[in-house]
Amino acid sequence: MKLPKLVRWHPETGAPLPPSTNQMIEHLAEGDPNEALSLGELLDEFRERSFGLFLLLALLPTFIPIPMGQGAFSGGLIALIGLQLLFRVEHPWLPGFIARYRIHRHTIASFRKYMGKWLARLERLTRPRSEVWLEHPLAHAFTGLLLTILGVLLALPLPLTNYPFGLVLLAYSFALIERDGRLMLIGWILGLIEISLLAGFSGQIIAMVMDFFK
């Protein structure tokens, strides 16, 4: 898989930047829609942006019409990402069955169709900045902790939560890919708000989960 041509430059160092989020999505959506790409191969290909890309791919089911139950799969992957960030793993580790999991190009194209305009707007607002909020060990661990909690909550069978969770987690994905510390700060705030709101309704949530498994 050939990487997109670099067309951006770091605003502070002047060094060339890896592909942007939109460039990555466009590149992955191009070609035979029935072609399937393994998750492990994709993360190896975009190594410099692997955690952000992993999070973005894990979020795909929350934004496109698919059968019920995919929230549990996405939530589990996001919690896995969070744990690895929490423990400072340098490159995403995947169990073999997840690394072999294949994503069809038409799935990525559907995500681009539904979210393309919003992604383009968000990308215009993001750039590498305040990277201490991404690279400091405590910031790294805090991001991992929040992603772990949000992933577990997304995996629960709660109605009408996919989009709210997905939009907040999309901010984390863009922050990691674009190296935007300010966006990560916003993601922290939104994540804490979501966790607090769900904690406030914990009694009702427990009842709904128990009813789901009856």
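**A closer look at the overall build of the chain**
Here's step 1: Tallying secondary structure elements over the chain gives eleven helices and two strands in all.
Here's step 2: In the chain, the succession of helices and strands from N to C terminus is α-β-α-α-α-α-β-α-α-α-α-α-α.
Here's step 3: For the chain, the share of sequence-separated contacts (at least 6 apart) that also reach a separation of at least 24 residues comes to 77%.
Here's step 4: Surface summary for the chain: the accessible area is close to 11,300 Å², and the carbon and sulfur share equals 66%.

**What to know about the pattern of salt bridges**
Here's step 1: Using the criterion set out here, one finds four salt bridges in the structure.
Here's step 2: For Arg105, the salt bridge is made with Glu35, and the minimal N-O distance between the two is 2.8 Å. Here the residue Arg105 occupies a position in helix α6 (residues 105-125), and Glu35 occupies one in the loop between α1 (21-29) and β1 (36-38), the gap between them amounting to 70 residues.
Here's step 3: For Arg105, a relative accessible area of 8% gives the class buried.
Here's step 4: Residue Glu35 is classed as partly exposed on the basis of its relative accessible area, which comes to 33%.

**Structural notes on the confidence of the model for the chain**
Here's step 1: Across the chain, pLDDT averages 82, with 80% of residues at or above 70.
Here's step 2: Within the chain, no element has a lower average pLDDT than helix α11 (residues 202-212), which sits at 62, and none a higher one than helix α8 (residues 137-155), at 94.
Here's step 3: For the stretch residues 1-6, pLDDT sits under 50, and the model shows 19 contacts to residues farther than four places along the chain or on other chains.

**Things to note about α6**
Here's step 1: In α6, a bend of some 70° at Met115 exceeds every other bend along the element.
Here's step 2: Among the structural elements, α1, β1, α3 (50-63), β2 (102-104) and α9 (162-178) are those in contact with the buried residues of α6.

**Points about a nonpolar patch on the surface**
Here's step 1: Together, Ile186, Ile189, Leu190, Ile193, Leu197 and Phe201 line one region of the surface with nonpolar side chains, adding up to about 560 Å² of accessible area.
Here's step 2: Note that Phe201 resides in the loop between α10 (181-200) and α11.

**Concerning the packing of α8 against α9**
Here's step 1: Orientation of α8 relative to α9, taken along the N-to-C sense of each, is 160°, at an axis distance of 11 Å. The pairing of α8 with α9 is recorded here as roughly antiparallel in orientation. Where α8 crosses over α9, the handedness of that crossing is left-handed. Note on element contacts: α9 touches α8 through Asn162, Phe165, Leu169 and Tyr172, opposite Thr143, Leu146, Leu147, Leu150, Leu153 and Leu154.
Here's step 2: By residue class, the composition of the contact of α8 with α9 is eight nonpolar, two polar and no charged.

What counts and how
- The residue numbers shown here count from 1 along each chain, following its written sequence.
- Per-residue local features are limited, in this predicted model, to residues with pLDDT of at least 70; the limit for side-chain atom pairs, both in listing and counting, is 80 or more; totals at the level of whole chains, interfaces and linings are taken over all residues.
- Values shown for side chains rest on all heavy atoms present in the structure; no hydrogens or waters enter the calculation.
- Helix and strand definitions here come from DSSP, where helices need a minimum of 4 consecutive H or I residues and strands a minimum of 2 consecutive E residues; each element is numbered from the N-terminal end.
- Residue contacts are counted whenever heavy atoms from the two residues lie within 4.5 Å of one another.
- All accessibility values rest on the Shrake-Rupley procedure with a 1.4 Å probe; residue burial counts only the protein chains present in the view.
- The term salt bridge refers to a pairing of a side-chain nitrogen on Lys or Arg with a carboxyl oxygen on Asp or Glu at a separation within 4 Å.
- A 1.4 Å probe rolled over the protein chains alone gives each residue an accessible area, and that area as a share of the maximum for its type sets the label: buried under 20%, exposed over 50%, partly exposed in between.
- Values of pLDDT, which run from 0 to 100, indicate the predictor's confidence residue by residue.
- The angle between axes fitted to the seven-residue stretch ending at a residue and the seven-residue stretch beginning at it gives the bend at that residue.
- Here a patch means residues that are over 30% exposed by relative accessible area and free of salt bridges, tied together within 9 Å if like-charged and within 5 Å if nonpolar (Val, Leu, Ile, Met, Phe, Trp, Tyr).
- Fitted lines through C-alpha atoms serve as axes, helices being fitted only where they are in contact, and the angles separating the N-to-C directions of these axes extend from 0 to 180 degrees.
- By the definition adopted for this analysis, an angle is roughly parallel if under 35 degrees, roughly antiparallel if over 145, roughly perpendicular if from 65 to 115, and oblique otherwise.
- Helix crossings fall into two classes, left-handed where the near helix is turned counterclockwise from the far one by less than a right angle and right-handed where it is turned clockwise.
- In this classification, Asp, Glu, Lys and Arg are treated as charged, Ala, Val, Leu, Ile, Met, Phe, Trp, Tyr, Cys and Pro as nonpolar, and every other residue, Gly included, as polar.

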